[in-house]
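The primary structure of each chain is shown beneath.
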There are 2 protein chains.
Amino acid sequence: MESHFTERLRSAQAACDSMVCVGLDPDVAKLPDSLRQKYARPEAAILAFNNAIIQATAPYACAYKLNAAFYENLGSDGFRTLAATIDLLPSNTLCIVDAKRGDIGNTARSYASSIFNLLGADGCTVAPYMGFDAVQPFLEYPGRATFVLVRTSNPSSDELQSLILDGKPLYEHVANRAVTWGKNFPGSVGFVVGATKPQELQRLRDQHPTIPFLIPGIGAQGGPVEAAACAATPKGMILVNSSRGILYASPDENFDKMAAKAARELRDALNQTNS
Amino acid sequence: MESHFTERLRSAQAACDSMVCVGLDPDVAKLPDSLRQKYARPEAAILAFNNAIIQATAPYACAYKLNAAFYENLGSDGFRTLAATIDLLPSNTLCIVDAKRGDIGNTARSYASSIFNLLGADGCTVAPYMGFDAVQPFLEYPGRATFVLVRTSNPSSDELQSLILDGKPLYEHVANRAVTWGKNFPGSVGFVVGATKPQELQRLRDQHPTIPFLIPGIGAQGGPVEAAACAATPKGMILVNSSRGILYASPDENFDKMAAKAARELRDALNQTNS
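Being a predicted model, the structure only gives us computed values, none of them experimental.

**Overview of the interface of chain B and chain A**
With 51 residues of chain B at the interface, the matching set in chain A holds 51 residues. Note on chain B versus chain A: buried area summed over both sides is about 4,600 Å², and carbon and sulfur give 57% of it. Per-residue buried area on chain B facing chain A is highest for Y129(B), E159(B) and L160(B); these three make up 18% of the total on that side. One can count six salt bridges joining chain B with chain A. Residue R101(B) pairs with E72(A) through a salt bridge whose shortest N-O separation is 3.1 Å. Mapped by element, the contributors of at least two residues to the side of chain B that touches chain A are α4 (69-72), α5 (75-88), β3 (94-101), α6 (105-118), β5 (145-151), α8 (158-161), β6 (164-165) and α9 (170-181) of chain B.

**Observations concerning the sheet that holds strand β9 (residues 213-215) of chain A**
Residues and elements named next belong to chain A. Read around the closed barrel, eight strands run β1-β2-β3-β4-β5-β8-β9-β10, paired in parallel fashion. When strand polarity is set aside, the average angle formed by the axes of neighbouring strands in this sheet is 30°. Judged from the five bridges that link them, strand β2 (residues 63-67) and strand β3 (residues 94-101) form a sheet pairing that is parallel. Bridge pairing in β3 places N67 opposite D98. Each of β3, β5 (145-151) and β10 (238-242) touches helix α1 (residues 5-16); the most contacted strand, β3, lies at about 130° to it.

**Quick look at the nonpolar core**
By size, the foremost hydrophobic cluster in this structure holds 202 residues, and its most contacted members are L24(A) and L24(B). Here this core takes eight residues from helix α3 (residues 42-57) of chain A, the largest share from any one element. Excluding residues that lie within four positions of it along the chain, L24(A) makes contacts with N50(A), I53(A), I54(A), Y64(A), K65(A), L66(A), N67(A), Y71(A), T85(A), L89(A) and L247(A).

**Concerning α1(A)**
Residues and elements named next belong to chain A. The end-to-end C-alpha separation of α1 is 17 Å, in line with the 16 Å expected for twelve residues at 1.5 Å each. When α1 is considered as a whole, its buried residues turn out to be F5, T6, L9, A12, Q13 and C16. Buried residues in α1, looked at end-on, bunch into an arc of 125°, giving them a common side. Seen from the open side of α1, the exposed residues pointing more than 90 degrees away from its buried face are A14 and A15. Just past α1, the residue D17 takes up positive phi, approximately 50°.

**Looking at the relation of the copies chain B and chain A**
With an RMSD of 0.0 Å, the fit of chain B onto chain A corresponds to turning through 180° and sliding 0.0 Å along the axis. In the structure described here, the two chain copies are related by an operation that fits a two-fold rotation axis. Among all residues of chain B, the one whose C-alpha sits closest to the rotation axis is S76(B), at a distance of 2.2 Å. Interface residue correspondence from chain B to chain A reaches 100%, placing this contact among same-surface, isologous pairings.

**Quick look at the pairing of β5(B)**
Residue and element names in this part refer to chain B. For β5, the buried fraction is high: seven of the seven residues fall into the buried class. Sheet analysis places strand β4 (residues 123-126) next to β5, joined by four bridges and oriented parallel. Residue pairing across strands places T125 opposite F147, the latter belonging to β5. Taken together, the five bridges between β5 and strand β8 (residues 189-193) define a ladder with parallel strand orientation. Residue pairing for β8: T146 is matched across the bridge by V189.

Reading the values: rules and limits
- Residues numbered from 1 in each chain as written.
- Chains lettered and ligands numbered in written order.
- Predicted model: local features only at pLDDT ≥ 70, side-chain atom pairs only at ≥ 80, totals over all residues.
- Heavy atoms only, no water.
- Contact = heavy atoms within 4.5 Å.
- Buried area = accessible area lost by both parts, 1.4 Å probe.
- Salt bridge = Lys/Arg side-chain N within 4 Å of Asp/Glu carboxyl O.
- Helix = DSSP H or I, 4+ residues; strand = E, 2+ residues; numbered from the N terminus.
- Pairing = 2+ DSSP bridges.
- Axes fitted to C-alpha atoms, helices over the stretch in contact; angles between N-to-C directions.
- Core = buried A, V, L, I, M, F, W, Y, C linked by side-chain atoms within 4.5 Å.
- Buried < 20%, exposed > 50% of the residue type's maximum accessible area, 1.4 Å probe, protein only.
- Expected span 1.5 Å × (residues − 1).
- Arc of directions from axis to C-beta.
- Least-squares fit on C-alpha atoms with pLDDT ≥ 70 in both.

Rendered as structure tokens:
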């Protein structure tokens, strides 16, 4: 029997003593000149870049998150690069495909199959607006995680997520729903909760102490590392994602060394705040 | 200057006197045996199938909608098949990529570029939960349409969409927001509204008489054709999608003829109810 995702997360975090998730969201325009000159094809430059980042940061990262958008905009070559990057990940780290999918039953099954069967990801992100039957096909993969968008880190997130119903913001209703959705799928539901609203993050953690939180929004988006760290339970059920802060720590040839340094510093900051 | 999407929709509908949108959601397991035997590679069978369906239904369809999930589950070959199918569409029909994307600013820009630049689609679907900054990058393409998920056709759609705030269901708030989002992008915002809840569809139409509605949910999902037709304004601002009802009208070699018949009958039923 496959272990629950929560067990696998614990084990991956213990192996490197880290709650860091490195966001592999490569933008060709931002790659170091040295790589762009070496490779004529953008997807080749991206794969080489990802490989260098993975090699350099693996000692400090329990997971990698790949945002599908940054690969899809290169078409079928991009999809191949996404799959090839996943193949490069060390076996003791987790792979999250951040695709924010959400569609009806038979379509959701196709998306889930693409992400969990074809790409072999350990987790993915999904949108909640369509309700349970859009999420269930993902939950049916044992050992994998389905991170439901609960409270996102972007500036417009208040527009709908903060609307108040029965005295509670919509995102708290979404969180409660997501827990219900996961009832028959132990260890499979996670939340996406941005670090840009520390008080709300903390409140959600207090309400849901055992759910894995995937936390974007630190660094370039302005969320404080301390806020993310405080959401760690004693068992460390958080994945704190950093993309740009690690990938583009340096524009020079030493980009991989600087990425490793940024990942290590984030790991240490998280562990220190949480200790 | 490029025409607004609403103008292009009117023109495409006038050309074939039809409000039918054919959903090209090919499932290899459901293709006619004749095609599956002829082509060893699933993506080749799908492309041949799509080509036959397009040729047969073009006289009766103003638009085609391609759901990305059914292509992504074939990996990079699937992505190539999606692009190749779009290349087969007649120039006087519209192409909607149904991907239900929703992500933060720089990521949304990548998705929008993938759908509008790379694939050259005329419209796409997006999820509303993250708010305006997840939608704006799509709206910035002049002449294209961004269909916001307002009221979906799936069984679980009530869970969040029907929650009541200030006396109105959430989906009405989403509709009003979407109109606000489109203020500076004339003719660019559309709604996805399922036909499975006829009264709600009619009410949304009464509230928003000039917005293009993309209407799934008839046929296999149980929504009545009449309900969809009644949402047509005098200027016909609806796209009524049928996927399975047309694609799999017959499992035999005459599948294309039967698909044409199904598309023609849907067109006629919509026009008759609307006349």
